[in-house]
Amino acid sequence: MTLLRGLMAVWLAFPWQAMAGQPDMSVEVQAQSRSDIPFDFEPRKLTSIPKGDFGDKVRRGYELFVNTQQLKGSYVGNQLNCTNCHLSNGAKAYSAPLWAAYLAYPAFRAKDNRVDTFAERVQGCFNYSMNGKAPALNSPEVVAISAYSYWMMMGGLLDKSGMANTPVPELTDTQLQLGGNDKSFALPEPIAQKLEAIGRQNVPGRGFATLPAPQSPPSPDQGRLVYIQYCAVCHGAKGEGTKMGGAPVMPALWGDDSYNWGAGMHRINTAAQFIFENMPLGKSVQLTPGQAWDVAAYINSQERPQDPRFNGNLAHTADAFHHGEQCFYGRTVDGVIVGARAPALTN
Ligand code: HEC
Ligand code: HEC
């Protein structure tokens, strides 16, 4: 028995070692069907962020979220900012909004039998979506982004429950990083009751909205035509984005400056949901669901930075981390193996 337990412990510990400090924190958030009863969440104005230590962290978190490029070279390896995918500074419903995310952590993950705190989930997006090396837990950056997310969530909920004049309670750094799905986390009473019924992890607006399944398998070839017609003007003929004076103006969709193969956006379904709802920017909703599926397949069949969990063998890595995903990593498209690119030497 003891031996068996010992073996189990080794087995459970193994994925951690294999991933060399890059655990899989970008597990899929299940898309929700659009709620009939909108949660009509609205964040407080930034000008209401309080003075003092706590407010400084919230402000810093906001700045990092919208201009993550200030961390380029230290924690960020591509040209993206968090808000490129989490639209409206992280407030937009069904664009993986921060307020709904904050309420959902800590989250238990059956897959590897562990609990992720909010801060750990933030680290996940640094490692994959930002193709970087996440700042440590308790670092000023992770605390600040947690503080901004908490502040947005709490301020909005207080307003919703007729407590518009109540300041957002200040939390310690440890509490901030934990997230709002902990028993110890108190919510305004009317909201607590409402969320009791639906569950803190299922707030309407969390993650992305489901899209009708495609009628035929999503086609990169068809998607290319959609891309040329609707997307290239902003995101560039080669998905490289556009820059002005060296600074990114339109984010890259593939290539060195984009998200890596471990990011949630590399999944065709996740990208299709995001694109259908939000792109072309300023003109949504313009595409049919079929076009969204096809263009998502197109951009996600292009090369991008290697999955940081890559272990030297594409088939093994695909099997270990991409099993059951709707993605092209490790598959062959038009005679070319996708994801075969060597890992970048620096990032
Ligand atoms: C008018 C310019 C414009 C057009 C056209 C446009 N986008 Fe975007 N796209 C943007 C901007 C700007 C952002 C970042 C949004 C932000 O930061 O608020 C973005 C973000 C994205 C993102 C997430 C960030 C990233 O780099 O991965 C994806 C994916 C995306 N667009 C795909 C598309 C697709 C597919 C099309 C065509 C159907 C399209 N876009 C058309 C401007 C545009
Ligand atoms: C390329 C697009 C992209 C960028 C850039 C990005 N994210 Fe994400 N993020 C996602 C997607 C997609 C998900 C949904 C996760 C999934 O289903 O895989 C997500 C999920 C999250 C979640 C959890 C949401 C939930 O409801 O569970 C948090 C928190 C988060 N991101 C924070 C950040 C932060 C902080 C940054 C910047 C450091 C960032 N993200 C940059 C695409 C992005």
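Just above, that's the structure.
If you're wondering where the values come from, they're calculated on a predicted model, not measured in any experiment. (Residues numbered from 1 in each chain as written. Chains lettered and ligands numbered in written order. Predicted model: local features only at pLDDT ≥ 70, side-chain atom pairs only at ≥ 80, totals over all residues. Heavy atoms only, no water.)

J.: Would you mind going over helix α6 (residues 140-160) with me for this structure?
T.: Because an α-helix packs 3.6 residues into every turn, residues spaced three or four apart end up facing the same way. Look at α6: 30 Å from first C-alpha to last across 21 residues, which is about the 30 Å you get at 1.5 Å a residue. Extensive coverage of α6 is indicated by the burial of 18 of its 21 residues. (Helix = DSSP H or I, 4+ residues; strand = E, 2+ residues; numbered from the N terminus. Expected span 1.5 Å × (residues − 1). Buried < 20%, exposed > 50% of the residue type's maximum accessible area, 1.4 Å probe, protein only.)

J.: I'm lost on the coordination of the iron atom of ligand 1 in this one. Help?
T.: In a perfect tetrahedron of four donors around a metal, the angles come out at 109.5 degrees. In a perfect octahedron of six, they are 90 or 180 degrees. Protein coordination at the iron atom of ligand 1 comes from His235 (NE2) and Met279 (SD), with a distance range of 2.0 to 2.3 Å. One can describe the site at the iron atom of ligand 1 as octahedral: its six donor atoms subtend angles covering 87 to 178° at the metal. With His235 in helix α10 (residues 232-235) and Met279 in the loop between α11 (268-278) and α12 (289-299), this pair connects stretches of sequence that are 44 residues apart. (Donors = N, O, S within 2.8 Å, 3.2 Å for Na, K, Ca; no water. Tetrahedral: all angles 85-135°; square planar, octahedral: opposite > 155°, others 65-115°.)

J.: For this particular structure, what's the right way to read the site of ligand 1?
T.: Near ligand 1 lie 22 residues; those nearest to it are Cys231, Cys234, His235, Ala252 and Met279. At 2.9 Å, a side-chain N or O of Asn84 approaches an oxygen atom of ligand 1. With respect to ligand 1, the backbone of Ala252 contributes an N or O atom lying 2.7 Å from an oxygen atom. Most atoms of ligand 1, that is more than half of them, are within 2 Å of grid points of the largest pocket. Counting only elements with at least two residues in the shell around ligand 1, the list comes to α10 and α11. For the shell around ligand 1, the leading source of residues is α10, giving three residues. (Near = heavy atom within 4 Å. Polar contact = N/O pair within 3.5 Å; in protein donor to acceptor, adjacent residues only side chain to side chain. 1 Å grid on protein atoms, 1.4 Å probe; cavity = no way out; pocket = protein on both sides within 12 Å on 5 of 7 lines; lining within 4 Å. Sits in = over half its atoms within 2 Å of the grid points.)

J.: I tried to follow the packing of α11 against α12 on my own but got confused; where do I start?
T.: In a pair of packed helices, the angle between the axes and the distance between the axes together describe the arrangement. Running from N to C, α11 and α12 cross one another at 125°; their axes reach a closest spacing of 8 Å. When the interaxial angle is binned, α11 and α12 end up oblique. Every pair of crossing elements has a handedness; the one defined by α11 and α12 is right-handed. Counting all contacts with α11, which are made through Ile268, Asn269, Ala271, Ala272, Ile275 and Phe276, the residues of α12 involved are Pro289, Ala292, Trp293, Val295, Ala296, Ala297 and Ile299. Looking at the contact of α11 with α12, its residues break down into 12 nonpolar, one polar and no charged. (Axes fitted to C-alpha atoms, helices over the stretch in contact; angles between N-to-C directions. Parallel < 35°, antiparallel > 145°, perpendicular 65-115°, else oblique. Left-handed = near helix turned anticlockwise from the far one by under 90°. Contact = heavy atoms within 4.5 Å. Nonpolar A, V, L, I, M, F, W, Y, C, P; charged D, E, K, R; others polar.)

J.: Would you mind going over the packing of aromatic side chains with me for this structure?
T.: For any pair of aromatic rings, geometry is given as the distance between the ring centres together with the angle between the planes. Following the criterion strictly, the structure yields 15 aromatic pairs and no others. When the centroid spacing of 6.1 Å and the interplanar angle of 70° are considered together, the rings of Tyr105 and Phe118 count as edge-to-face. Here Phe118 lies in helix α5 (residues 118-127) and Tyr105 lies in the loop between α4 (98-104) and β1 (107-109), a separation of 13 residues in the sequence. Across the pair, exposure class does not vary: Tyr105 and Phe118 are buried alike. Aromatic side chains Tyr227 and Trp254 sit 5.2 Å apart centroid to centroid with 55° between the ring planes, which places their arrangement in the tilted category. Remark: Trp254 occurs in the loop between β4 (247-250) and α11 and Tyr227 occurs in helix α9 (residues 220-230); sequence separation between them is 27 residues. In this structure, Tyr227 and Trp254 share a single accessibility class: buried. Above the face of the Tyr259 ring, Arg304 is positioned so that its terminal group lies 3.9 Å from the ring centre. It is Arg304 that lies over the ring of Trp261; its NZ or CZ is 5.5 Å from the centre. (Phe/Tyr/Trp six-rings, centres within 6.5 Å; stacked < 30°, edge-to-face > 60°. Lys NZ or Arg CZ within 6 Å of the ring centre and 35° of its normal.)

J.: Where do I start with unusual backbone geometry in this structure?
T.: Excluding glycine, most residues fall at negative phi; most peptide bonds, likewise, are trans. Going from Tyr105 to Pro106, the amide bond is cis rather than trans, its omega being 0°. Put simply, Met279 and Pro280 share a cis peptide bond, and its omega is -10°. If you trace the backbone, Pro280 turns up in the loop between α11 and α12. One non-glycine residue, Ala96, lies in positive phi territory at about 45°. Along the chain, Ala96 falls in the loop between α3 (87-90) and α4. Taking relative accessible area as the criterion, Ala96 reaches 16% and is therefore assigned buried. Phi is positive for Asp334, which is not a glycine, with a value near 50°. Its place among the elements puts Asp334 in the loop between β5 (332-333) and β6 (336-337).

J.: Would you mind showing me how to read the coordination of the iron atom of ligand 2 here?
T.: The protein atoms that coordinate the iron atom of ligand 2 are His86 (NE2) and Cys125 (SG), at distances of 2.0 to 2.3 Å. Bound by six donor atoms, the iron atom of ligand 2 shows angles of 87 to 179° at the metal and therefore octahedral coordination geometry. One end of the pair, His86, is in the loop between α2 (53-66) and α3; the other, Cys125, is in helix α5, and 39 residues separate them in sequence. Take His86: its relative accessible area is 19%, and that puts it in the buried class. What makes Cys125 partly exposed here is its relative accessible area of 22%.

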